[in-house]
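Chain by chain, the residues run as shown.
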Amino acid sequence: MIPMLKQIIGFSLRKLYLIEPLYHVKFLISQIQNKKDNNRFKHEYPHAVLPPDFILYESFGRLNYRRYYLNGKNSASYFISLFEKHISLDTKKICEWGCGPGRVIRHFPELLSSKHAEIFGTDYNKESIEWNKKNLPGINFHLNGLNPPLPFADNFFDALYSISVFTHLSEQSHYEWFSELIRVVKPGGILIISTHGDAFKEKLLPSEKKEYETKGLVIRKTQTEGKRTYAAFQSPDFMKKLIGKNTVLEHITNRDPNNKFTQDLWVVKKA
Ligand SMILES: C[S@@+](CC[C@H](N)C(=O)[O-])C[C@H]1O[C@@H](n2cnc3c(N)ncnc32)[C@H](O)[C@@H]1O
């Protein structure tokens, strides 16, 4: 009952274009709520450079430095282990598309220090990329547009991943960006994408649930595509169609006990 009430309030706020202004209020609340722990974290980890608060909040959805830093490190180790089940990362080119202020990719240089890999990060958020370039060494950062292309040649990367980016795109962008990510990955290279998946179905309104079951994709539009407030929910069938002739090596649902992640993961080998 209470969760459905939350969805109905969310739906009404979206209709009234109030979601984005309210997001700024939630940010201020989060800043106050996390102040004590954030100060403790800065004391415990004096060498951990942190992005400006709003950039961190916008990409992570909560303003907790400890979780940004330590969850980011755990996710980086997890993604490396997922890639290494299928390819060696020795001397390879690896990219995160939609890297935000580097929560995950920032840990790759240290975690892959013995592998001589080349590491890249791209995002359409100019402030994030500018901050990353100044503060996170050992990674090649690039700005891309809301729409493709990426500034890379065909078949450039051996491994590419994207965390919680498709979850904020329009339907058209799903098709365009999936093709673009495939374009820049080598044949036989690995692409990992996160999506909301079936567990998030519970968060949908009855009409949205119906659309999820019939069409496989639900888009909750707000003013700005790509922002956290703009949400997309993809069913496994929709993802299989999107992935097309490429091979699904693993579909790790967010209910899988081995999934150390909150969203579904699609591990895909380029045909
Ligand atoms: C929820 S945040 C996740 C950030 C990061 N992947 C992480 O896990 O911390 C979504 C990110 O996708 C980025 N994004 C949204 N649309 C994009 C696009 N068309 N191209 C590149 N990045 C995009 C946003 O700027 C934001 O950094």
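Residues numbered from 1 in each chain as written. Predicted model: local features only at pLDDT ≥ 70, side-chain atom pairs only at ≥ 80, totals over all residues. Heavy atoms only, no water.

I'd like to hear about the overall build of the protein chain, residue by residue, with values.
The secondary structure content of the protein chain amounts to ten helices and nine strands. Dimensions of the protein chain, computed from the C-alpha atoms along their principal axes, are close to 50 × 50 × 35 Å. Across the 271 residues that make up the protein chain, the buried fraction comes to 51%. In the protein chain, once contacts between residues fewer than 6 apart in sequence are set aside, the share between residues at least 24 apart is 70%. (Helix = DSSP H or I, 4+ residues; strand = E, 2+ residues; numbered from the N terminus. Buried < 20%, exposed > 50% of the residue type's maximum accessible area, 1.4 Å probe, protein only. Contact = heavy atoms within 4.5 Å.)

Requested: an account of the nonpolar core, with residues and values cited.
With 42 residues, the main nonpolar core has Phe79, Leu89, Ile105, Phe108, Tyr161, Ile192 and Leu265 as its most contacted residues. When residues of this core are traced back to their parent elements, those giving at least two are α2 (19–33), α4 (53–60), α5 (65–84), α7 (126–135), β4 (157–162), β5 (185–195) and β9 (264–269). Considering every element that reaches this core, the biggest residue donor is α5, with nine residues. In this structure, Phe120, Leu169, Phe238 and Val268 belong to the second largest nonpolar core, which totals 25 residues. (Core = buried A, V, L, I, M, F, W, Y, C linked by side-chain atoms within 4.5 Å.)

So what's going on with the packing of aromatic side chains? Residues and values would help.
Throughout the structure, instances matching the rule amount to 20 aromatic pairs. Summarising the aromatic geometry, the rings of phenylalanine 27 and phenylalanine 54 are spaced 5.0 Å apart at their centres and angled 85 degrees between planes, so their arrangement reads as edge-to-face. Residue phenylalanine 27 is found in helix α2, and its partner phenylalanine 54 is found in helix α4; the two are separated by 27 residues along the sequence. Assessed through its relative accessible area of 25%, phenylalanine 54 is described here as partly exposed. On the numbers, 6.1 Å between centres and 45 degrees between planes, the contact of tyrosine 175 with phenylalanine 238 is tilted. Remark: phenylalanine 238 occurs in helix α10 (residues 236–243) and tyrosine 175 occurs in helix α8 (residues 171–184); sequence separation between them is 63 residues. Classification of tyrosine 175 as partly exposed rests on a relative accessible area of 33%. Taken together, the ring pairs connect Tyr78, Phe79, Phe83, Phe108 and Tyr161 into an aromatic cluster. Its guanidinium or amino end placed over the ring of phenylalanine 60, arginine 62 lies 4.7 Å from that ring's centre, counting from NZ or CZ. (Phe/Tyr/Trp six-rings, centres within 6.5 Å; stacked < 30°, edge-to-face > 60°. Lys NZ or Arg CZ within 6 Å of the ring centre and 35° of its normal.)

Which residues make up α5, and what are the values?
A rise of 1.5 Å per residue sets the reference length of α5, with its 20 residues, at 28 Å; its end C-alpha atoms lie 28 Å apart and thus fit the reference within 8%. Restricting attention to buried positions, one finds in α5 the residues Tyr65, Tyr68, Tyr69, Gly72, Ser75, Ala76, Tyr78, Phe79, Ile80, Leu82 and Phe83. The N-terminus of α5 is capped by asparagine 64, whose side-chain oxygen sits 3.1 Å from the backbone nitrogen of arginine 66. (Expected span 1.5 Å × (residues − 1). Polar contact = N/O pair within 3.5 Å; in protein donor to acceptor, adjacent residues only side chain to side chain.)

Give a detailed account of the packing of α4 against α5, specifying residues and quantitative values.
Between α4 and α5, the least distance of the axes is 11 Å, while the angle of their chain directions is 55 degrees. When the axes of α4 and α5 are compared, the pair comes out oblique. Seen along the crossing, α4 lies across α5 with a hand that is left-handed. In this structure, α4 uses Asp53, Leu56 and Phe60 to contact α5, whose residues at the interface are Tyr65, Arg67, Tyr68 and Asn71. Tallied by class, the residues present in the contact of α4 with α5 amount to four nonpolar, one polar and two charged. (Axes fitted to C-alpha atoms, helices over the stretch in contact; angles between N-to-C directions. Parallel < 35°, antiparallel > 145°, perpendicular 65-115°, else oblique. Left-handed = near helix turned anticlockwise from the far one by under 90°. Nonpolar A, V, L, I, M, F, W, Y, C, P; charged D, E, K, R; others polar.)

I'd like to hear about a positive patch on the surface, residue by residue, with values.
On the surface, Lys6, Lys26, Arg62, Arg67, Lys203 and Arg228 cluster together to form a positively charged patch. On the secondary structure map, lysine 203 appears in the loop between β5 and α9 (206–214). (Patch = residues over 30% accessible without salt bridge, like charges linked within 9 Å, V, L, I, M, F, W, Y side chains within 5 Å. Areas by Shrake-Rupley, 256 points an atom, 1.4 Å probe, with all protein chains shown as cover. Salt bridge = Lys/Arg side-chain N within 4 Å of Asp/Glu carboxyl O. Lys, Arg positive; Asp, Glu negative; His and termini not counted. Charge placed at Lys NZ, Arg CZ, Asp CG, Glu CD.)

I'd like to hear about the site of the ligand, residue by residue, with values.
Around the ligand lies a shell of 21 residues, among which Glu96, Gly98, Arg103, Asp123 and Asn144 are the nearest. At 3.5 Å, a backbone N or O of glycine 100 approaches an oxygen atom of the ligand. Residue tryptophan 177 places a side-chain N or O atom 3.4 Å away from a nitrogen atom belonging to the ligand. For the shell around the ligand, the residue count by class is eight nonpolar, nine polar and four charged. (Near = heavy atom within 4 Å.)

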